[in-house]
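Structure at a glance
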Amino acid sequence: MVVNKISILIFAGLLIAVGVKAQDTRYIPIGHTKYKDTVLVTHPDTTFERDIFDVISSVFHENKKPGKVDSVTSKPVISIIPAVGYTLQTGFAGTISGNVIFRMAPDTRISTITINPAYTQNKQVIVPIQSNIWSKNDKYNFIGDFRFYKYPQSSFGLGSNSNIANENPLVYSFFRFHETVLRNIKGNFFAGLGYIFDDRWNMYEKGQLNGQTSDYERYGPVSKSISTGITFSALYDSRNNPINASRGFYSSLQYRDNFTFLGSTTAWRSLIIDIRKYFRFPEHSDNVLAFWSYNWLIINGRPAYLDLPATGHDPNFTTGRGYIQGRFRGAQMVYLESEYRFKITRNGLLGGVLFANAQSFSAAPGTALQSIQPGFGPGLRIKLNKVSKTNIAIDYGFGRQGSKGLFINVGEVF
């Protein structure tokens, strides 16, 4: 029997949407793009946008002035949702998921900060903080990724041919500090450098549950590993909203070089290519057809086992809906996904998605890609904040070998 370990979130009490909502009658463009980022909101009418904040206000009979246009300005717009989570790995977990969006200046792209801290029944600590800050006139883009985990996670072996029966619980602590600075080259194109530091310690395996020798053991287990070095990045971004894009194109390339003289346990290099495209479909509707390609490749060297590309280990933990995080792992990862997003209610409070993805992994460095593993499913979207266009994403995904489960996220998957 396949045991489902996909996280299930149960909303705790009242969903909170906190908005410091600056009202502005102008349409403000994002950076150099041709798209606009505003949402028209008015008095309760099904033809205009509503979010959970509006629902809460209506319960307490708070009236809003009609005909206002809310735009993202230098005043922060905050979206928060408290929840209770559960997995067989963590037990119950208390978590607060949220994001903050703002502009450094009126003609600047939207800056975002997201944080999703959690504390679990098994005394595990999970603290991810991500930031994407645009300076005035979009001259510089500062991208930060900071994380601390004390978090056991199962591995199932290397390659996309791995079997779910080869489950092997791994235990480790993890700290990450990533900071990248990109400079505008021209229009929507940026390039720059970054520093990256990943530290894992107290690593050990509990052993495969079926008693066989694990790929972790064959690969070469270590109790501590540090991966630190320099990144070279290029970015093209014409999306109309980084949280919930409906139009535009995004392409990111990151080359990472880990050096032993900086403290890396071993020297190794990797390349991540992230490409996304968004269409309104049909063209004059609010429905969106989105495509995502995420490719994570070890170019040379031999990273520690837990540094290898894996399902659900992209920056937003969202690849591979239909599978548990870490289900597939290997030196090369090729990933494709498509999603169709549509309104359920005319006021935008409820929406739906249909998604399908496919992923392929090699095993250890130097080996070829293995079989393609598909995932698919439906999803529900609940408008948490209409100004930032932040949705609560509730998806149910299906994969192979009986893999299935509920996936909940604040913000779109990509």
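If you're wondering where the values come from, they're calculated on a predicted model, not measured in any experiment. (Residues numbered from 1 in each chain as written. Predicted model: local features only at pLDDT ≥ 70, side-chain atom pairs only at ≥ 80, totals over all residues. Heavy atoms only, no water.)

With that out of the way, let us pick up a nonpolar patch on the surface. A cluster of nonpolar side chains, contributed by Phe148, Phe175, Phe177, Tyr195, Phe261 and Leu262, occupies part of the molecular surface with about 550 Å² of accessible area. By secondary structure assignment, the location of Phe261 is in the loop between strand 14 (248-258) and strand 15 (268-280). (Patch = residues over 30% accessible without salt bridge, like charges linked within 9 Å, V, L, I, M, F, W, Y side chains within 5 Å. Areas by Shrake-Rupley, 256 points an atom, 1.4 Å probe, with all protein chains shown as cover. Salt bridge = Lys/Arg side-chain N within 4 Å of Asp/Glu carboxyl O. Helix = DSSP H or I, 4+ residues; strand = E, 2+ residues; numbered from the N terminus.)

Moving on: the pattern of salt bridges. Under the counting rule described, the total for this entry stands at 23 salt bridges. The salt bridge involving Arg200 is made with Asp307; its shortest N-O contact spans 2.5 Å. Of this pair, Arg200 sits in strand 12 (residues 189-205) while Asp307 sits in the loop between strand 16 (288-301) and strand 17 (332-343), placing them 107 residues apart in sequence. What makes Arg200 buried here is its relative accessible area of 7%. Note that Glu339 and Arg381 form a salt bridge whose closest N and O atoms lie 3.6 Å from each other. (Buried < 20%, exposed > 50% of the residue type's maximum accessible area, 1.4 Å probe, protein only.)

It is worth spelling out the nonpolar core at this point. Core analysis: the largest hydrophobic core is formed by 19 residues, its most contacted members being Tyr149, Leu158, Tyr172, Tyr219, Tyr305, Leu306 and Leu308. For this core, the secondary-structure elements that each account for two or more residues are strand 11 (168-186) and helix 2 (215-219). Considering each element in turn, this core owes the most residues, three residues, to strand 11. Those residues in contact with Tyr305, other than ones at most four positions away along the chain, are Ser155, Gly157, Leu158, Leu170, Asp215, Tyr216, Tyr219 and Arg329. Counting 15 residues, the second largest nonpolar core, distinct from the first, contains Ala245, Trp296, Phe361 and Val413. (Core = buried A, V, L, I, M, F, W, Y, C linked by side-chain atoms within 4.5 Å. Contact = heavy atoms within 4.5 Å.)

This brings us to the environment of Gly211. Positionally, Gly211 belongs in the loop between strand 12 and helix 2. On the basis of relative accessibility, which here comes to 66%, the residue Gly211 falls in the exposed class.

Sheet topology note: the strand 8 (residues 125-134)/strand 9 (residues 140-150) ladder contains ten bridges and is antiparallel. Pairing of Asn132 across the sheet is with Ile143, part of strand 9. Here strand 8 folds back onto strand 9 in antiparallel fashion, the turn holding five residues, of which Asn137 has a positive phi close to 65 degrees. Pairing analysis gives eleven bridges linking strand 9 to strand 11, with the strands arranged antiparallel. Its bridge partner being in strand 11, Ile143 is matched across the sheet by Thr180. (Pairing = 2+ DSSP bridges.)

Coordinates in, geometry out; function isn't part of it.
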